[in-house]
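Spelled out from the first residue to the last, the chains are:
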Amino acid sequence: MNFNRKEQHITLEGKQYSREAIQQLSASVTAETPPMMAQLYAFLNEWFDDSPTMVVHTSGSTGTPKELTVRKEQMMQSARMTCEALQLAEGDTALLCMSLQYIAGKMMVVRALVAGLNLIVRAPSGHPLADVKEKIRFAAMVPLQVYNTLDTPEELKRLRRIDTLIIGGGMINPHYWVKLRSLPGKVYATYGMTETLSHIALCRLSGPATDGLTYYPLPGVTPSTLPDKSLVIEAPLVCDEILYTNDIVSIDEDGGFLILGRRDNIINSGGIKIQPEMLEGWLQSTLPMPFVITSVPHERLGEAAVLLVEGVVDIASIRKLVNTCISKRHKFGNLIVPVKKIPLTGNGKIDRVACRELACSLLVEEATGN
């Protein structure tokens, strides 16, 4: 693998470009240049400059988006960890189909630079394999892209030809996990965040011998927990400091861990602590539409859990479905609210902050008759 940025090159659609060639391409961008390619040239131009660092942005899925300054050396170490874990080699074809605004898209490019991968570039969309004819060795997608592909027969044929697929940015719907298990290639869910420069753990989704729930850390990554079961990550190659997360986990004796939810998403309703991600997991195979569990202030309980469901729905039928798999202590009462669209961040994650704000505004409108 090549860790010398001055000697690195990028291979795009089978054509190799040097540092100097990228500088020329970046300088020649016009209004007619496809936006994805303009963003790629800009990122590569910044990658090849003399600065040892670059600024990346968090997604804001659980709070206010923020800027982080990271070292390019650490990004290359992250790329190495992934390429070695997935046994990617020089000349392998990789698909870039995620936004370069976020770390997941950026790291696909860095992997290509470090490992000498041949990068196939597509603008981010819900159907990333719509016109991909090449045999793809490695791809990374968000759940929505995968779901759309699984539901589109022609695109599913192309997905089945991908050797290794990683999926990040959200929990996998159990309905689709059943489909993913049968794919001939290796499919993994990833665990990581901007602070860890993409993923630091993988959960195997395909094949008969997987539970689709347990994440195993990459070599050099050590997980542990605080007394409240929140995950602590030591990954010195990609993160200078020990990272204290808000994810509540259970760690197995073999080092694998199961994600139960986020500490800052816990709903305290009348003294009962509700982990919305766990309830969402229980409901995934029951509710046929997109949904999310959030909360609103409640005069008596402190907080009340709210189920937001997307689209025009029969609330009574939804409540009946929910009652079949949710215990009495987690009932939603009358707080099942239909919405036009579940709020998502720019990279497809559930926007928990926006969901709570939406629930509050809709219930206020209902109460006031507006």
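Residues numbered from 1 in each chain as written. Predicted model: local features only at pLDDT ≥ 70, side-chain atom pairs only at ≥ 80, totals over all residues. Heavy atoms only, no water.

With respect to the overall build of the chain
Right, on to step 1. Secondary structure summary: the chain contains 10 helices and 20 strands in total.
Right, on to step 2. Its C-alpha radius of gyration of 22 Å places the chain within 12% of the 21 Å reference for a compact globule of 370 residues.
Right, on to step 3. In terms of its C-alpha atoms, the chain occupies a principal-axis envelope of roughly 65 × 45 × 45 Å.
Right, on to step 4. Put simply, the chain has 370 residues, and 49% of those count as buried.
Right, on to step 5. Restricting the contact set of the chain to residue pairs at least 6 apart, pairs at least 24 apart contribute 59%.
Right, on to step 6. Just so you have it, the chain exposes about 17600 Å², and 53% of that area is on carbon and sulfur atoms.
Right, on to step 7. Between the centroid of the 37 positive side chains of the chain and the centroid of its 39 negative side chains there is a distance of 5 Å. (Helix = DSSP H or I, 4+ residues; strand = E, 2+ residues; numbered from the N terminus. Rg over C-alpha atoms; globule rule 2.2 N^0.38 Å. Buried < 20%, exposed > 50% of the residue type's maximum accessible area, 1.4 Å probe, protein only. Contact = heavy atoms within 4.5 Å. Areas by Shrake-Rupley, 256 points an atom, 1.4 Å probe, with all protein chains shown as cover. Lys, Arg positive; Asp, Glu negative; His and termini not counted. Charge placed at Lys NZ, Arg CZ, Asp CG, Glu CD.)

Topic: the packing of aromatic side chains
Right, on to step 1. Applying the stated criterion across every chain yields a total of five aromatic pairs.
Right, on to step 2. With a centroid separation of 5.4 Å and an interplanar angle of 85°, the aromatic rings of Tyr191 and Phe257 are classed as edge-to-face. Residue Tyr191 is found in strand S9 (residues 186–193), and its partner Phe257 is found in strand S15 (residues 257–262); the two are separated by 66 residues along the sequence.
Right, on to step 3. Using a relative accessible area of 5% as the deciding quantity, one classes Tyr191 as buried.
Right, on to step 4. A network of ring pairs unites the aromatic residues Tyr191, Tyr215 and Phe257 as a single cluster. (Phe/Tyr/Trp six-rings, centres within 6.5 Å; stacked < 30°, edge-to-face > 60°.)

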